[in-house]
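Analysis of the macromolecular model
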Protein chains: 2
Amino acid sequence: MMNISEVETRTGLPAKTIRYYEDIGLVTPARRTNGYRDFSDKDAHKLAFLARARALGFSIEDCRNLLALWEDQTRASSDVREIAKHHLVEIEAKIQGLMAMRDTLSDLVHQCAGDSRPDCPILKGLEGSQ
Amino acid sequence: MMNISEVETRTGLPAKTIRYYEDIGLVTPARRTNGYRDFSDKDAHKLAFLARARALGFSIEDCRNLLALWEDQTRASSDVREIAKHHLVEIEAKIQGLMAMRDTLSDLVHQCAGDSRPDCPILKGLEGSQ
DNA sequence: ATAGGGGTTCCAGTCACAGGAAGGTCAAGA
DNA sequence: TCTTGACCTTCCTGTGACTGGAACCCCTAT
């Protein structure tokens, strides 16, 4: 049983985030008589799980579902895999979108002299005049 | 001079967004006596510029600055280029982060059988046990 | 007169927290 | 004993860039 700062150092999550996760019902640490939160090893373990899932870009709702599956010993791994695959598709789409932006922008930046003159292909590109 | 729905079709921006852009001072369309907004060609052109800049992922604040440079005939193209280059670096960083996520997640997904059994490498990965 | 398809403002909600104020708690040192 | 400082608590507000919705006004056609 440990207080919030210990969980901070164990999980790398800021105390603010840990309290927020309690707020939205992802963890429910015990309380001491003085009102302080008192985290069990299991709580800390859950939060570490959440930290890793968030680091992989899963939404809070995905995390909630993954956590439930993690705790459900009778889960089917296909349920986990479906969530992960769906997220993977979203990540891939984001990457594609960003790469398209990068390519367009990179072109414009390379076309621009970047000197003291006002003539600027970047602005022209944004203007839509080609 | 046109009303907001015309600008919607010209720029592809939803009316809500156009009103929001007025709220935050990016455009200041005239008003008719009945209170309706009355957009000039220049307003529409500005909004089209904003739509393209936003589509390239520039923040509203970047857009504000780009718009100011666009309107400033005495600008130096280096100022525009600096904003664009900085944004390019951020995009690249995002891409790298997402690709790292994708790689990790893709590994896990491929390791997972995705059947009715509870054993799941994805959950194990999130657990941190390798 | 009414119906519909415009337009307007304003307020709340989104997502996942972060910042900060105001105050209670605890252990150590003077 | 008093104080100091580190820790903890709750609650409220703000973030970015909108989106949804309510309540209401305006204009034209039937």
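Within each chain, residue numbers correspond to sequence positions counted from 1 in written order. Here every chain gets a letter starting at A, and every ligand a number starting at 1, in the order they are written. In keeping with the model being predicted, local features are shown solely for residues with a pLDDT of at least 70 and side-chain atom pairs are shown and tallied solely at 80 or more, while totals for entire chains, interfaces and linings include all residues. As a convention, hydrogens and water are excluded, and side-chain values are obtained from all of the structure's heavy atoms.

With respect to the interface of chain A and chain B
The criterion used for residue contact is that any of the two residues' heavy atoms lie within 4.5 Å. Taken residue by residue, the interface counts 51 residues in chain A and 51 residues in chain B. When two parts are put together, the accessible area they lose, computed with a 1.4 Å probe and summed over both, is reported as buried area. Summed over both partners, the interface of chain A with chain B buries about 4400 Å², with 74% contributed by carbon and sulfur atoms. Between R102 of chain A and E92 of chain B there is a salt bridge whose closest N-O contact spans 3.1 Å. Polar contacts, as used here, are pairs of N or O atoms within 3.5 Å; protein pairs need one atom able to donate a hydrogen and one able to accept it. Residues neighboring in sequence count only if both atoms are side-chain atoms. There are 22 residue pairs in polar contact (both at pLDDT 80 or more) connecting chain A and chain B. Secondary-structure elements contributing two or more residues to the side of chain A that touches chain B are helix 3 (41–55), helix 4 (60–71), helix 5 (77–111) and helix 6 (121–127) of chain A. Here the side of chain A that touches chain B is composed, by residue class, of 28 nonpolar, twelve polar and eleven charged. Salt bridge, as used here: a side-chain nitrogen of Lys or Arg that lies within 4 Å of a carboxyl oxygen of Asp or Glu. Secondary structure elements are taken from DSSP: a helix is a run of H or I of four residues or more, a strand is a run of E of two residues or more, and numbering for both begins at the N terminus. Ten residues, namely Ala, Val, Leu, Ile, Met, Phe, Trp, Tyr, Cys and Pro, are considered nonpolar, four, namely Asp, Glu, Lys and Arg, are considered charged, and the remaining ones, Gly among them, are considered polar.

Some remarks on the protein's contact with DNA strand D
We call a residue near a given molecule or strand whenever any one of its heavy atoms falls within 4 Å of it. In the neighbourhood of DNA strand D, 19 residues make up the surrounding shell, with R37 of chain A together with K16, T17, Y21 and R54 of chain B lying closest. Within 4 Å of the protein, the contacting atoms of DNA strand D are 70% sugar and phosphate, with bases supplying the remainder. In this structure, a base oxygen belonging to DNA strand D sits 2.3 Å away from a side-chain N or O atom of K16 of chain B. R54 of chain B is positioned such that a nitrogen or oxygen atom in its side chain is 2.8 Å from a phosphate oxygen of DNA strand D.

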